[in-house]
Amino acid sequence: MNKGNRKFLLIVLVPVFAQVFVFMLLPILGTGAISFMEYNPLQTVNRFVALENYRALLHDDMFFTALKNTLVFTLITVFFNIIIALSTATLISQLKSNKTRSFFRMIVFLPCMAPIVASSVVWARSIYQTKGGLLNAILAQFGVDAISWIGDARYLMLSVIIFTIWADIGYNIILFSAGIDGIPQDLFQAAELDGAGRWRMFRLVTLPLLGRTMTFVSLMTLISHFQMFAQFNVLALKDGPQSSGLVLTSLIYKTAFVYKEMGYAAAISMVLFLIILLVTIVQQRLGKVDWEY
Amino acid sequence: MKISVSNRRDFRARAFIFVILAVMAACIVLPYLWMLSNSFKTTKETLIDPSHLLPKEFTLEGYRKVLTESPFFRWLGNSLFVTGTNTVIVLFTSSLVGYIFSRFKFRGMHFLFLLLLFTMMVPAQVTMITTFILVDGIGLYDSVFALIIPAFVNAFGIYLCKQFCDEIPRELMESAKIDGAGNFTIYRKIVLPQIRPALGALAIFTFLEYWNDYLNPLIYLSSTKNMTLPLALSYFSTQHATNLSATMAAAALIMVPTAIVFILFQKQFIKGISMTGMK
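Throughout this document, residue positions are counted from 1 along each chain, in the order its sequence is written. Lettering of chains starts at A and numbering of ligands starts at 1, both following the order in which they are written. In keeping with the predicted nature of the model, local features appear solely for residues at pLDDT of at least 70, side-chain atom pairs appear and are counted solely at 80 or more, and the whole-chain, interface and lining totals rest on all residues.

Student: Which parts of the structure should I look at to understand the overall build of chain A?
Tutor: Summing up its helical and strand segments, chain A has 13 helices and two strands in all. Both definitions apply: the radius of gyration is a C-alpha atom measure, and the globule rule equals 2.2 Å times residues to the power 0.38. The globule rule puts the C-alpha radius of gyration for 293 residues at 19 Å, and the 24 Å found for chain A is more than 25% above it. Taken along its principal axes, the extent of the C-alpha atoms in chain A is 75 × 75 × 35 Å. Burial is judged by counting the other C-beta atoms within 10 Å of a residue's own C-beta: 20 or more makes it buried, 12 or fewer makes it exposed, and any count in between marks it as partly exposed, with every C-beta position built from the backbone. When the 293 residues of chain A are sorted by exposure, 42% land in the buried category. For chain A, the share of sequence-separated contacts (at least 6 apart) that also reach a separation of at least 24 residues comes to 70%. A run of H or I in DSSP counts as a helix once it spans at least four residues, and a run of E counts as a strand once it spans at least two, with each numbered from the N terminus. Residue pairs qualify as contacts under a 7 Å threshold applied to their C-beta atoms, which are placed from the backbone.

Student: I'm lost on the nonpolar core in this one. Help?
Tutor: If you look at soluble globular proteins, the nonpolar side chains tend to sit buried side by side. With 151 residues, the main nonpolar core has Ala118, Phe176, Leu235 and Ile268 of chain A together with Leu233, Ala250 and Ala251 of chain B as its most contacted residues. A total of 13 residues in this core trace back to one element, the largest contributor, which is helix H7 (residues 156-181) of chain A. Each domain's limits were defined by an automated method or a database of domain assignments. Residues from two domains meet in this core; each of domain 1 (5-63) and domain 2 (72-239) of chain B gives at least three. We define the nonpolar core as any set of buried residues of the types Ala, Val, Leu, Ile, Met, Phe, Trp, Tyr and Cys, connected via C-beta atoms lying within 7 Å of each other.

Student: So what exactly am I meant to see when it comes to the environment of Asn5 of chain A here?
Tutor: Take Asn5 of chain A: it is sitting in helix H1 (residues 3-34). Exposure remark for Asn5 of chain A: the 15 C-beta atoms within 10 Å place this residue in the partly exposed category. With residues near it in sequence (within four places) discarded, Asn5 of chain A still touches Phe104 and Asn183 of chain B.

Student: Quick question: what am I supposed to make of the interface of chain A and chain B here?
Tutor: Interface size, as often reported, equals the accessible area lost upon joining of the parts. Every contact between the two is made by 76 residues of chain A and, on the other side, 68 residues of chain B. The biggest single contributor to the side of chain A that touches chain B is H1 of chain A, with 20 residues. Its residues assigned to classes, the side of chain A that touches chain B comprises 58 nonpolar, 14 polar and four charged. For this classification, Asp, Glu, Lys and Arg are treated as charged, while Ala, Val, Leu, Ile, Met, Phe, Trp, Tyr, Cys and Pro are nonpolar and the rest, including Gly, are polar.

Student: Just to check I follow, could you spell out the confidence of the model for chain A for this structure?
Tutor: Residues shown with low pLDDT carry predicted positions that ought not to be read at fine detail. The pLDDT averaged across chain A works out to 90; a share of 98% of its residues lies at or above 70. pLDDT is a per-residue confidence score from the predictor, ranging from 0 to 100. At the level of individual helices and strands, chain A shows its lowest average pLDDT in helix H8 (residues 185-193) of chain A, which scores 84, and its highest in helix H3 (residues 61-94) of chain A, which scores 96.

Student: Hey, could you run me through the environment of Asn40 of chain A in this one?
Tutor: Here Asn40 of chain A shows up in the loop between strand S1 (37-38) and strand S2 (47-48). Take Asn40 of chain A: there are 17 C-beta atoms within 10 Å of it, and that puts it in the partly exposed class.

Student: How should helix H9 (residues 183-194) of chain B be read in this particular structure?
Tutor: Structural remark: α-helix, 3.6 residues per turn; residues separated by three or four positions point the same way. Under the 1.5 Å per step criterion, the end-to-end length of H9 of chain B is 15 Å for 12 residues, consistent within 8% with the ideal 16 Å. On its buried face, H9 of chain B sits against H1 of chain A together with helix H4 (72-103), helix H7 (155-166) and helix H8 (170-178) of chain B. A helix is expected to span 1.5 Å for every residue after the first.

Student: Please clarify how unusual backbone geometry should be interpreted in this entry.
Tutor: At Ala50 of chain A, a residue that is not glycine, the phi angle is positive and equals roughly 55°. With respect to the helices and strands, Ala50 of chain A occurs in the loop between S2 and helix H2 (52-58). In the Ramachandran plot, Asp142 of chain B falls in the positive-phi region, its phi being about 65° despite a non-glycine side chain. Positionally, Asp142 of chain B belongs in the loop between helix H6 (124-137) and H7.

Dropping the structure here:
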């Protein structure tokens with residue numbers, strides 16, 4: 001490599017990777033290290049406690065509540081998100097006019113544009129409000145008594161799930177749409193000649209050929225939903241009644257930045273990291289697709 | 001003209017699909033209409049019975065309250081400053097490093113690239129604890145720069161730009177090199193124009209990421225005047241817990257501009273997402 005090239009590489013890569021090291025790698029290693037300490041920024045000495053934080057996790061009811069809520073929230077939301085997104089994308093693809101198709105894609109994507117915290121505030125104050133909220137106003141038409149959507153432990157998680165599907169589904173509809181558009185048209189035409197109806201076409205052509213998109217979409221959606229935080233912070237006020245809206249992300253936030261027990265928070269965040277790693281590995285194994293069109 | 005039975009059935013199926021989609025679109029838009037409606041209601045109406053779609057008495061009081069009784073323009077300025085700075089810097093570093101990873105070979109390159117990809121998998125909840133200690137340590141607590149300094153490099157951006165640089169025909173760069181162009185000139189005159197679609201998509205994602213970010217501002221910013229819009233809104237909402245119309249007005253003021261930008265550029269947005277598969 002000549003001198004000019006070497007100089008160019010050094011000038012660019014040294015500052016960039018200094019940044020990567022300080023703000024991306026060091027924080028990962030640092031949080032790993034802090035999880036073995038009793039780290040509190042207000043203390044002068046932070047003791048090394050080895051596995052104490054992790055052992056404490058095993059006896060922490062809050063942690064298990066958060067873990068359970070996170071799993072329930074993520075699995076249910078992602079499941080319905082993908083089913084609804086896939087069916088919507090398929091329905092949109094059935095429309096003849098290009099304009100109508102892009103119109104519907106635009107509408108479903110609108111909530112993805114808005115800050116999720118702003119949408120959460122709108123839902124918390126205007127939709128889920130017990131008195132005069134949109135949802136209860138609609139239900140009242142059918143004679144259903146007012147429900148305390150975010151104030152009742154039985155409904156809180158359901159409310160967050162409905163909200164999250166509404167807020168996040170546009171991305172996946174766009175991704176599935178792109179996947180469907182990518183399927184060669186002659187495959188559909190061949191199926192049509194063979195007399196396949198819409199449903200058979202979906203089951204025998206679209207669905208199997210979307211394998212790659214499906215693997216990618218479900219993995220990305222799972223990873224992002226494990227990390228959702230803003231809507232819990234707004235809709236589940238103070239984690240909701242009986243901690244019914246407590247998830248790992250809110251537990252990490254509270255432990256680290258409200259109680260300042262950063263060592264313990266770091267240990268919880270490592271558990272979250274581990275879950276995401278596991279999900280990624282399992283998903284990669286299950287979702288192996290080895291065909292090409 | 002005779003319409004065949006199967007054609008008529010097809011038309012009916014299509015009409016049915018259209019109706020389902022229209023209902024779904026209505027469900028998606030309704031919360032926004034509700035927000036706008038509530039934002040124009042009087043405080044009295046929202047306290048007594050806010051369950052009418054149209055305000056009984058139309059008022060701009062909510063908007064006046066947001067714009068005059070809170071530092072709204074200051075919040076807007078903070079958001080614009082953070083988002084603008086980060087987007088420009090990320091586009092610059094991503095394209096430059098993407099170009100290097102695509103066109104140069106040196107020892108350790110593969111390792112550095114894998115390292116970058118690895119950082120993409122780590123959840124924010126893991127890095128935020130140590131990053132906070134670092135940022136606090138250099139005295140940036142409660143400063144908007146806490147949202148800027150750690151955001152100079154974006155692993156996904158580098159990855160995306162590298163993919164696009166790989167597609168640039170070799171001859172283009174070789175001929176420029178023969179004409180005596182330096183690396184930076186090649187970057188500026190050939191690479192940047194060639195990877196424009198990737199940069200467009202990256203600009204959108206980076207913009208949305210920082211414009212909508214809530215977690216980082218929540219951790220770093222404590223004084224009201226330093227907040228960015230999403231954090232400011234949740235603060236405003238708790239401050240005005242009994243004033244529904246003002247809160248909805250604030251939410252509308254935050255969402256309407258991005259919605260307009262989106263509707264104007266929707267083609268690019270949707271192309272960008274399908275192209276990169278990224279949020």
